[in-house]
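Observations on the three-dimensional arrangement
This is what each chain is made of:
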Amino acid sequence: MENQTTSYTLVLSGLSDLPSLQLPLFLVFLLVYLMTLTGNLLIVLLICTDSHLQTPMYFFLGTLACLDMGFTSVTIPRMLFDFHTQKRLISIQACITQIYFILLFAASELSLLAVMSYDRYVAICRPLHYTQIMHWKTCVLLVLGLLIFSMLYPLVHVLLLLKLTFCRLNPLQSFFCDLPQLLLVSCSDTFINVFLSLFLAILFGGGIFALTFCPYIIILNTIMKMQSKAMRSKAFSTCSSHLAAVFIFYGTLFFSYFHPNAKTNSAVDKVVSVFYTILTPLVNPLIYSLRNKIMKISLKRAVCK
C-alpha cells in the first residue's frame, strides 16, 4: 500500500467557519502581525545601535525578540492565507514542516527564558562576579547551545511522523498544524508518538521549567535580605518583566495541552493557542519596553535623533 503521507491533504478547521468573519479576522490578525514584527524589530534595532543596551541582559532580550518574530511568522501568514482563500487545505509535508518550526521556536523560547533566569540570578545574587561569569563568549555559547538543542529536539517527532499514514477526513481542530491534532487523524498506531511526546515533554520540559523557576527562589531570598529599599525596588524591576513573560508563555502553554477538557473543548483550545502562538510575541515587546526605564530612554534618544 502506498504511503499516503506523500499525497494526502489535511483540512484545518480555522478560527471560524462563518464567511462574514473571514475579512474582519484577516484584517485583525494582519494588524497584529505587523505590530508584532514592528515591536520586536524595534527592540532588536535599539539593542544593536545603542551602546547602553549592549549588555548580556539586552543581548538575551534581543534574541527573544528574534525568536518571537520567527514564532509568529510560522502561524500567522498561513492563517492569513486561509482567511483569504477560505479553503484551509494543507499538505502533509507542509503540516509536518510547520510542526517542526513551531516546536523549534517553542523549545527555543522556553530554553532562553531559563537562560535569562540564570542571568538575573548572577546579576542579583553575585553582582561582583557578573562580568566574569556572564562574559560575551559565555552568552553567545549559551544561545548557540539552546538553538542547537531546539533544532534537534523536533527532529525526533518529525522522523516518527514521516512513518505514519494519514487517511481520515476529520479536520484538524486548530488554525495551524499542532502535533496532538495531527496524531488524531492518523490511521497508524501512534502509541510510540504519544509516549515519546509525553516522555520528552516531562524530561526536557520539566528540566527547563526547573531551571527557569529555581533561580528565583534564591533571587527572592536575596532581595528580601537587601537593606536598601532602592536596591530592592531595582532588583524587583529587573525581574518583573522577565517573570511576566515567563508566566504568560508557560500559563497559556500548560492550559492549552493539560487542561481537563483538552480533547473536547476545541473552541477553548483555539483561543488559548492564539494567546501563546500569536499574542505572546505581541505582548513581550510591550512588557519589556513599557516597564524598562533604560529601554524607554533609548527609544526617546532614537526618536530625537
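Residues numbered from 1 in each chain as written. Predicted model: local features only at pLDDT ≥ 70, side-chain atom pairs only at ≥ 80, totals over all residues. Heavy atoms only, no water.

Here we take up the overall build of the chain. Regarding its fold elements, the chain presents 10 helices and two strands. Across the chain, helices and strands are ordered from the amino to the carboxyl terminus as β-α-α-β-α-α-α-α-α-α-α-α. Against the 2.2 N^0.38 benchmark of 19 Å for 305 residues, the chain shows a C-alpha radius of gyration of 21 Å, consistent with a compact globule. Its C-alpha atoms put the chain at 70 × 40 × 35 Å along the principal axes. When the accessible surface of the chain is totalled, it reaches about 15,900 Å², and 72% of it is carbon and sulfur. One way to put it: in the chain the 20 positive side-chain charges average out to a point 16 Å from where the 10 negative ones average out. (Helix = DSSP H or I, 4+ residues; strand = E, 2+ residues; numbered from the N terminus. Rg over C-alpha atoms; globule rule 2.2 N^0.38 Å. Areas by Shrake-Rupley, 256 points an atom, 1.4 Å probe, with all protein chains shown as cover. Lys, Arg positive; Asp, Glu negative; His and termini not counted. Charge placed at Lys NZ, Arg CZ, Asp CG, Glu CD.)

It is worth spelling out the packing of aromatic side chains at this point. For any two aromatic rings, the description comes down to two numbers: the centre-to-centre distance and the angle of the planes. The full count for this structure, using the stated rule, is 16 aromatic pairs. With centroids separated by 5.7 Å and ring planes inclined at 55°, the aromatic side chains of Phe59 and Phe60 adopt a geometry described as tilted. The partly exposed category is assigned to Phe59, whose relative accessible area is 24%. For Phe60, a relative accessible area of 1% puts it in the buried group. Feature note: the residues Phe209, Phe213, Phe247 and Tyr250 constitute an aromatic cluster, connected by ring pairs. (Phe/Tyr/Trp six-rings, centres within 6.5 Å; stacked < 30°, edge-to-face > 60°. Buried < 20%, exposed > 50% of the residue type's maximum accessible area, 1.4 Å probe, protein only.)

Attention shifts here to the state of the cysteines. Considering all chains together, one arrives at one disulfide under this definition. Free cysteine: Cys125, not disulfide-bonded; nearest cysteine sulfur from Cys239 at 8.5 Å. For Cys125, a relative accessible area of 21% corresponds to the partly exposed category. With no disulfide of its own, Cys139 lies closest to Cys48 among cysteine sulfurs, the gap being 15 Å. Accessibility expressed as a relative area gives 0% for Cys139, which makes it buried. (Disulfide = S-S within 2.5 Å.)

Okay, helix α2 (residues 56-85) next. Taking 1.5 Å as the rise per residue, α2 with 30 residues should run 44 Å; its terminal C-alpha atoms sit 44 Å apart, in good agreement. The sharpest bend along α2 measures roughly 35° and falls at Ser73, with the proline Pro77 sitting one to four residues further on. Counting buried positions along α2 gives 23 out of 30 residues, so the element sits mostly inside the fold. Immediately beyond the C-terminal end of α2, within one or two residues, lies Gln86, with a positive phi of roughly 60°. (Expected span 1.5 Å × (residues − 1). Bend = angle between axes of the 7 residues up to and from the residue.)

Okay, the UniProt feature "transmembrane region" (unreviewed entry) in the chain next. The residues that UniProt annotates with the feature "transmembrane region" (unreviewed entry) are residues 25-46, 58-79, 99-118, 139-162, 191-218, 239-259 and 271-290. Note that residues 58-79 is 100% helix and 0% strand, and that its end C-alpha atoms are spaced 31 Å apart. (UniProt positions renumbered as here; feature names shortened; annotations may be inferred.)

At a closest axis distance of 8 Å, the pairing of helix α3 (residues 92-125) and helix α5 (residues 136-161) adopts a crossing angle of 145°. Seen along the crossing, α3 lies across α5 with a hand that is right-handed. Touching Ile96, Ile99, Tyr100, Leu103, Leu104, Ala107, Ser108, Ser111, Leu112 and Val115 of α3 are Leu142, Leu146, Leu147, Phe149, Ser150, Met151, Tyr153, Pro154, Leu155, His157, Val158 and Leu161, all from α5. Here the contact of α3 with α5 is composed, by residue class, of 18 nonpolar, four polar and no charged. (Axes fitted to C-alpha atoms, helices over the stretch in contact; angles between N-to-C directions. Left-handed = near helix turned anticlockwise from the far one by under 90°. Contact = heavy atoms within 4.5 Å. Nonpolar A, V, L, I, M, F, W, Y, C, P; charged D, E, K, R; others polar.)

This brings us to the side chain of Asp82. Along the polypeptide, Asp82 turns up in helix α2. Taking the relative accessible area as the measure of exposure, Asp82 reaches 4% and is therefore buried. Non-local contacts of Asp82, meaning those with residues more than four positions away in its chain, are made with Leu12, Lys87 and Arg88.

Next up on the list: unusual backbone geometry. The residue Gln86 is not glycine, and still its phi comes out positive at about 60°. Within the element layout of this structure, Gln86 appears in the loop between α2 and β2 (89-91). When its relative accessible area of 42% is taken as the criterion, Gln86 is described as partly exposed. A positive phi angle is found at Arg88, which is not glycine, with a value near 60°. Within the element layout of this structure, Arg88 appears in the loop between α2 and β2.

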